[in-house]
Number of protein chains: 2
Amino acid sequence: MLQQKLATIEDVAAMAGVSIATVSRAINEPTKVADATRRKVTDAIARTGYTTNAMARSLRMRRSNMILILAPDVGDPNFSNILVGLETEASKRGYGLLIGNTQNDPSRETDYLRFISSNQADGLILFTGHLPFGLGQSPADARLPPMVAVNEPVLGEDIPFVGVDNFEGARVAAEHLISQGHRRIAFVGRAPNREINRLREDGYRAALGGAGINIDPRLIIDGDGTTESGRAAAELMFVRDALPTAFLCVNDATAMGVIIALNARRYDLPRQFSVMGFDDISFASFITPSLTTMKQPRHRMGEAAMELLLTLLAGEKPGSREVLLRAELILRNSVTRPPG
Amino acid sequence: MLQQKLATIEDVAAMAGVSIATVSRAINEPTKVADATRRKVTDAIARTGYTTNAMARSLRMRRSNMILILAPDVGDPNFSNILVGLETEASKRGYGLLIGNTQNDPSRETDYLRFISSNQADGLILFTGHLPFGLGQSPADARLPPMVAVNEPVLGEDIPFVGVDNFEGARVAAEHLISQGHRRIAFVGRAPNREINRLREDGYRAALGGAGINIDPRLIIDGDGTTESGRAAAELMFVRDALPTAFLCVNDATAMGVIIALNARRYDLPRQFSVMGFDDISFASFITPSLTTMKQPRHRMGEAAMELLLTLLAGEKPGSREVLLRAELILRNSVTRPPG
DNA sequence: ACGAACCGTGTAAAGGTTTACAGTGTTCGA
DNA sequence: TCGAACACTGTAAACCTTTACACGGTTCGT
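What counts as what
Residues numbered from 1 in each chain as written. Chains lettered and ligands numbered in written order. Predicted model: local features only at pLDDT ≥ 70, side-chain atom pairs only at ≥ 80, totals over all residues. Heavy atoms only, no water. Contact = heavy atoms within 4.5 Å. Buried area = accessible area lost by both parts, 1.4 Å probe. Salt bridge = Lys/Arg side-chain N within 4 Å of Asp/Glu carboxyl O. Polar contact = N/O pair within 3.5 Å; in protein donor to acceptor, adjacent residues only side chain to side chain. Helix = DSSP H or I, 4+ residues; strand = E, 2+ residues; numbered from the N terminus. Nonpolar A, V, L, I, M, F, W, Y, C, P; charged D, E, K, R; others polar. Pairing = 2+ DSSP bridges. Buried < 20%, exposed > 50% of the residue type's maximum accessible area, 1.4 Å probe, protein only. Arc of directions from axis to C-beta. Near = heavy atom within 4 Å.

Asker: Got a minute to help me understand the interface of chain B and chain A in this structure?
Answerer: Reports of interface size often rely on the accessible area that becomes lost once the parts have come together. Across the boundary between the two partners, chain B contributes 46 residues, which contact 46 residues of chain A. In total, chain B and chain A occlude about 4,200 Å² of area from one another, counting both sides; carbon and sulfur atoms represent 62% of this. Our enumeration of links across chain B and chain A arrives at two salt bridges. Across the contact surface, chain B and chain A share 12 residue pairs in polar contact (both at pLDDT 80 or more). Looking at the side of chain B that touches chain A, the elements with two or more residues in it are α4 (54–61), α5 (79–92), β2 (96–101), α6 (106–112), α7 (114–117) and α11 (252–264) of chain B. When residues of the side of chain B that touches chain A are assigned to their parent elements, the largest contribution, six residues, is made by β2 of chain B. Residues belonging to the side of chain B that touches chain A are distributed by class as follows: 21 nonpolar, 20 polar and five charged. Bridge count between strand β2 (residues 96–101) of chain A and β2 of chain B: three bridges; the pairing is antiparallel. By the bridge assignment for β2 of chain B, Leu98 of chain A is matched with Leu98 of chain B.

In structure tokens:
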């Protein structure tokens, strides 16, 4: 009763009294096989509990129906929702997801490429913002595997990209602050060498420029996007004694740092200071005051990225090699009119 | 210069002037091949850029060196760190991780089993707390694939388990509150049919019992572990007009809900109420007041679970089929002595 | 000096699919 | 009635490894 070995296509063929070719066709191109035969086959499949051996199939077909996800940090609150989107689309199309957490370690990036070179994965989704170390440096492998970058673009490599329009989103955010009456607006999280940060800063500058506001350079503070950097940045402002009425932060984590610092100094938020984030991570609504921010359509980003990759994989020309989605303004309690 | 097709073992063999068997041995059992030959082979490998085709290898070896991770929600803040632990151990041993996000949808659970039955994954890590739907119901597949449950045990199935000692952890937490002088301690997040919740509640009861404290049943409130359920629970206490001096919450998310509710009612925390969580998720330190909680050794849980699974996979007898790690008390600012 | 043990290598089978090609039988038009 | 077109089905090759087995050559103990 209990089958020791898994049933193979041959067992099914024997039971149905046909050749293995016919079984294969009955499964993969049902129209090409006579009704009666097909019934016999499906019957035999049910009786044997047969499932196609994916390894043999991949070997023959030269593709694995697997996608490798390369992410610097799977714990990033931005990551998981995108992953769910990726996964929704992937499993809809019969693909599986292989996860590679690199922690920004070049050797791990390289290591994970073995999945590509060994045919265990057909394509690549990049969260890292750069090509995996070991890919594309030598001219030998000018042939890059099919891949798409998500969330963070890869600079100077013409890699298809799906993400949010950071420039536009930051501009909308800054304009919201301006519309509330703020004129002295800080930007926390400057990092010119990180594309996302740079774009958001540009959006901020564009909004202030558009409103005819001169930017006090002391209100622009470096940061690496961590909560701690936000906290430190806020403290720095007090040291410099150049205070804004509102903080536009490069992301929610940074904004939480700013809020923590201001709370610690016993300011009454948002009455005395407005704070705005970007991303709308899940905890943004839990901090006090709950965070006004720009929401990234993460699920859709994941879906769009996977969709793009799969069309690339199918050898078709994609509609566009860059998909920019709009961030949505989420109004909560951390922004109000400036004091006075 | 650019190889159209990937090099196979045959190309390497030809270039090195040996048979493919020797190449295979030079790679997999280097000691079994003469030094001079081995050098010729490694040389040829380098020149051709050969990598073993994992599909052919898996087909032949009947294992894929892949592990399927079945999780209800990859966005769970508890999840990612465990995943990193799993991944650390897995890639150390040459295994890859396949991710299956089930959203507690039985059909998705079943669907993901195709990776097991098609030989694409050798083993299973279960975050779900139950067998995937479709496994183990019919007596036919009495042969379960190698698997281990992590974080949440599978009830009544004798599945190897790695997790935290929830009973002991909750007891330590409750004892901490008692040591601060609390006598009226609420338990938020009762859910008798969820093993984790049940154990934590038991630990709470044990601590209070041990201290000779009678438990007011009105201080035990149901909850599903979400932030919203914590908020609702706190509100319910006010309605019931049965207030504790401290809230022991089944997890951090619930605790954050309680804190949000108390903050909203303008209580001064922790002076008027103490709140304790369990898990130490990353945001626990960011809420105000920062959360005193029990830290789960998530990274180690992941490593231990993968280690256990891999020994199972190797056919060896594991040291123990259940690994219970200790949760660590993390002192922050949400707990103090009761008022008065 | 002879057999045993051993070392290094090659031959060939096996692992389970997909699919080009060939073959058989039926239908249909002229 | 005959050939062509057609609808199904089968044969066998190909995908790329690993490994049992066989084989030839050395070493070594007696």
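Asker: Looking at this structure, I do not really get α4 of chain B. What am I missing?
Answerer: Note on helix geometry: an α-helix contains 3.6 residues per turn, so any two residues three or four positions apart are oriented the same way. Residues and elements named next belong to chain B. Along α4, the positions that sit buried rather than exposed are Ala54, Met55 and Ser58. Here the buried residues of α4 occupy an arc of 100° about the axis, which is enough to place them on one side. Measuring from the backbone nitrogen of Met55 back to the side-chain oxygen at the start of α4 gives 2.7 Å, which picks out Asn53 as the cap. One or two steps after α4, the chain reaches Arg62, where phi turns positive at roughly 60°.

Asker: What is the right way to read the protein's contact with DNA strand C from this model?
Answerer: Inspection of the region around DNA strand C gives 27 residues, with Ile9, Ser24 and Arg60 of chain A together with Thr22 and Thr37 of chain B positioned closest. Here, DNA strand C places atoms within 4 Å of the protein, and 62% of those atoms are sugar or phosphate. Within the side chain of Arg25 of chain B, one N or O atom sits 2.8 Å away from a base nitrogen of DNA strand C. Secondary structure elements with two or more residues in the surface near DNA strand C: α2 (20–28) and α4 (54–61) of chain A together with α2 (20–28) and α4 of chain B. Sort the elements by how many residues they give to the surface near DNA strand C and α2 of chain A lands first, with five residues. Taken together, the residues that form the surface near DNA strand C break down as 12 nonpolar, nine polar and six charged.

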